[in-house]
Amino acid sequence: MITATQYNAVQPKTLIHAAEFTLPAIIILDGWRLGLFPGVAPAYGAITSAALMWTIVLLCFCSMTLVLMQRRKRDEGLLILGTDDLARDLSRRAAERGMVGKGEVTIDCGQLNALSIEKGTTRIVVAEADPLDRHQLATALIDCKLRGVAVEEAGSYHERLTKKLWVKKLNSDWWMYSDGFQPSRVYLWRKRLLDIVCASLMILVTAPLLVLIAIVVKLDSPGPAIFSQERTGLHGTKFTIYKFRSMKMDAESTSGPAWAAEADDRVTPLGKLLRKFRLDEIPQAFNVLRGDMSFAGPRPERPYFVDLLSERIPYYGLRHYVKPGITGWAQVLYPYGASVEDAIEKLQYDLYYIKHLSFRQDLLVLFKTFSVVLFGKGH
């Protein structure tokens with residue numbers, strides 16, 4: 001039984017006014033009842049103050065945890081083994097995050113254990129695809145691992161560090177035995193439900209805006225307000241996508257098919273504004289309702305570029321095993337691309353998204369898209 005006297009209004013400065021109590025307790029402080037354990041404080045004020053206090057405590061705890069995790073990452077002794085492009089890319093990215101910075105050194109496999117001890121290494125990333133002495137390297141890595149040093153394959157570390165896959169170095173064995181790429185039926189059902197709800201809400205909420213934009217586009221430049229174009233969707237099927245027209249009519253009449261660039265002279269002044277805040281994409285909500293697209297997924301590409309990129313980029317066709325999206329992981333993390341190299345970068349982000357398909361991942365894409373649209377930083 002918890003016993004405590006009521007607050008005495010005559011003594012507003014009393015810190016604790018109680019005859020006798022046992023925990024959980026209610027602390028009475030300057031006229032406010034601060035419930036340390038809200039279960040014993042039925043009053044609305046006590047419950048509210050307790051919720052506020054515990055919220056502050058949790059926020060402080062989360063902030064301290066993030067700080068400690070970031071400090072741990074900075075203090076991690078990282079050793080990258082390898083001489084190819086992947087090793088150099090990892091070294092550059094790790095250096096940008098303050099995780100490495102002692103330069104390069106050439107050693108024999110037998111010296112690896114001693115070097116890791118000397119440098120205080122806590123993680124070794126193996127980026128050497130074809131070492132001269134695989135057996136000796138494996139022995140050295142096992143020795144390090146038994147001493148508590150984490151040993152990780154370069155592709156996995158690159159994926160975790162950059163949130164994208166390293167397509168150029170992935171082989172068929174990796175694709176066969178890698179985790180991920182297996183969305184459950186429950187996830188697909190929840191994703192479709194989310195698409196229908198979000199698309200319906202978007203159309204209902206933006207209906208007046210849709211009419212206004214259509215009128216302004218029509219008055220701004222000659223041509224229809226709605227632009228339609230064939231795109232490649234799920235399993236390579238073709239469908240027609242709808243957008244508000246942001247380019248001049250017959251923009252490709254002389255150049256032929258061309259990627260949209262960030263500073264594209266084919267875009268009208270109004271189109272630049274629409275693209276900046278992604279207002280030109282709103283009509284694609286109808287594509288989502290039809291089932292051609294999802295809200296989150298790889299952006300649908302034109303068949304001409306799909307054929308071109310499939311010939312030059314390995315595994316490019318894998319992006320068509322999920323529905324294309326109005327927005328995607330590549331769109332929120334990578335700017336406009338107008339080359340094969342940019343297409344490779346975007347594919348690496350798309351494949352990361354496909355590998356980690358989840359309801360949480362979709363919500364993260366939508367959240368990042370919302371911030372992109374809100375601050376006008378559309379890609």
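Only a predicted model underlies this, so the values are computations on that prediction, with no experimental measurement involved.

(A) Here's a closer look at the overall build of the protein chain. A count of helical and extended segments in the protein chain gives 13 helices and 9 strands. Within the protein chain, contacts between residues at least 6 apart in sequence are counted, and of these 68% link residues at least 24 apart. Element-wise, carbon and sulfur atoms account for 62% of the exposed surface of the protein chain, whose accessible area totals about 22,600 Å².

(B) Layout of the pattern of salt bridges. Scanning the model with the defined rule gives 12 salt bridges in all. Between D350 and R319 there is a salt bridge, with its nearest N and O atoms 3.1 Å apart. Note that D350 is positioned in helix α12 (residues 340–355) and R319 in the loop between α10 (303–312) and β9 (325–327), a separation of 31 residues in sequence. Given the relative accessible area of 3%, D350 is considered buried. Looking at R319, the relative accessible area reads 7%, which means it is buried. Here the salt bridges do not stand alone but share partners, grouping D89, R92 and R93 into one network.

(C) Inspection of the nonpolar core at higher detail. In this structure, L165, I313, W329, L351 and Y353 are the most contacted members of the largest nonpolar core, which totals 27 residues. If you tally residues by element for this core, the top one is α12, at 9 residues. Setting aside chain neighbours within four positions, we find W329 in contact with K163, Y349, Y352, Y353, Q361, L364, V365 and K368. A87, A94, V125 and A127 belong to the second largest nonpolar core, which has 12 residues in total.

(D) Quick look at the packing of helix α3 (residues 112–119) against helix α4 (residues 134–146). Following both chains from N to C, one finds α3 and α4 inclined at 35°, their axes separated by 9 Å at the closest point. The interaxial crossing formed by α3 with α4 has right-handed handedness. Contacts between α3 and α4 involve L112, N113 and S116 on the former and, on the latter, L137, A140, L141, D143 and C144. The residue inventory of the contact of α3 with α4, partitioned by class, reads 5 nonpolar, 2 polar and 1 charged.

(E) Geometry of the packing of aromatic side chains. Enumeration over the complete set of coordinates arrives at 8 aromatic pairs. On the basis of an interplanar angle of 80° and a centroid distance of 6.3 Å, the ring pair of W174 and F181 is categorised as edge-to-face. Measuring from centroid to centroid gives 6.3 Å for Y334 and Y349, while their planes differ by 40°, and the two rings are tilted. Note that Y334 is positioned in the loop between α11 (329–333) and α12 and Y349 in helix α12, a separation of 15 residues in sequence. Considered together, Y334 and Y349 belong to a single accessibility category, that of buried residues. Each residue in the set W174, W175, F181 and Y315 is aromatic and connected to the rest through ring pairs, giving one cluster. Seen from the ring of F359, R190 lies directly overhead, with NZ or CZ sitting 4.3 Å from the centre.

(F) Quick peek at the sheet that holds strand β5 (residues 150–153). The strand order across the open sheet built from 3 strands is β3-β4-β5, with neighbouring strands paired in parallel fashion. Of all the strands in the sheet, just β3 (78–81) and β5 have a single pairing partner and so form its edges. Going from strand to strand, the sheet's axes swing by 20° on average, the running direction of each strand aside. Sheet analysis places strand β4 (residues 123–126) next to β5, joined by 4 bridges and oriented parallel. Paired with V126 across the two strands is E153, which belongs to β5.

(G) Molecular detail of helix α2 (residues 85–96). Here α2 spans 17 Å end to end across 12 residues, near enough to the 16 Å set by a 1.5 Å rise per residue. Its buried side turned inward, α2 meets β3, β4 and α5 (154–162).

(H) View of the pairing of β4. Where burial is concerned, the two faces of β4 agree: the one with R123 and V125 and the one with I124 and V126 are both buried. Bridge count between β3 and β4: 4 bridges; the pairing is parallel. Counterpart to I80 in the pairing with β4 is V125.

(I) Representation of unusual backbone geometry. Its identity is not glycine, yet K163 carries a phi of approximately 60°, on the positive side. Residue placement: K163 occurs in the loop between α5 and α6 (172–177). One non-glycine residue, R278, lies in the positive phi region at around 60°. Considering the arrangement of structural elements, one finds R278 in the loop between α8 (269–276) and α9 (284–290).

Calculation notes
Throughout this document, residue positions are counted from 1 along each chain, in the order its sequence is written. Predicted model: local features are reported for residues with pLDDT of at least 70 only, side-chain atom pairs are reported and counted for 80 or more only, and whole-chain, interface and lining totals are derived from all residues. Each side-chain value is worked out from all heavy atoms of the structure, with water and hydrogens disregarded. Segments assigned H or I by DSSP are reported as helices when at least four residues long, segments assigned E as strands when at least two residues long, and all are numbered from the N terminus. Throughout, a residue-residue contact means that at least one pair of heavy atoms, one from each residue, lies within 4.5 Å. Calculation of accessible area relied on Shrake-Rupley with a 1.4 Å probe; when residues are assessed, cover is drawn exclusively from the protein chains displayed. Counted as salt bridges are all cases of a side-chain nitrogen of Lys or Arg within 4 Å of a carboxyl oxygen of Asp or Glu. Here the term buried applies to any residue with accessible area under 20% of the maximum for its type, exposed to any over 50%, and partly exposed to those in between, with areas from a 1.4 Å probe on protein chains only. For this analysis, a nonpolar core means a set of buried residues of the types Ala, Val, Leu, Ile, Met, Phe, Trp, Tyr and Cys, connected via side-chain atoms within 4.5 Å. In this analysis, axes come from line fits to C-alpha atoms, helices being fitted only over the stretch in contact, and the angle between any two N-to-C directions falls in the range 0 to 180 degrees. Each crossing is labelled by how the near helix is turned from the far one, with a counterclockwise turn of less than a right angle marking it left-handed and a clockwise turn marking it right-handed. Residue type decides the class: Asp, Glu, Lys and Arg count as charged, Ala, Val, Leu, Ile, Met, Phe, Trp, Tyr, Cys and Pro as nonpolar, and the leftover types, Gly among them, as polar. To pair, rings of Phe, Tyr and Trp, with the six-membered ring standing in for Trp, must have centres within 6.5 Å; the planes then decide the type, stacked if under 30 degrees apart, edge-to-face if over 60, and tilted in the middle. Over a ring means this: the NZ of a Lys or the CZ of an Arg is within 6 Å of the ring centre and within 35 degrees of the ring normal. At least two bridges found by DSSP between two strands is the condition for calling them paired. Here the expected length of a helix is defined as 1.5 Å per residue gap, with one fewer gap than residues.

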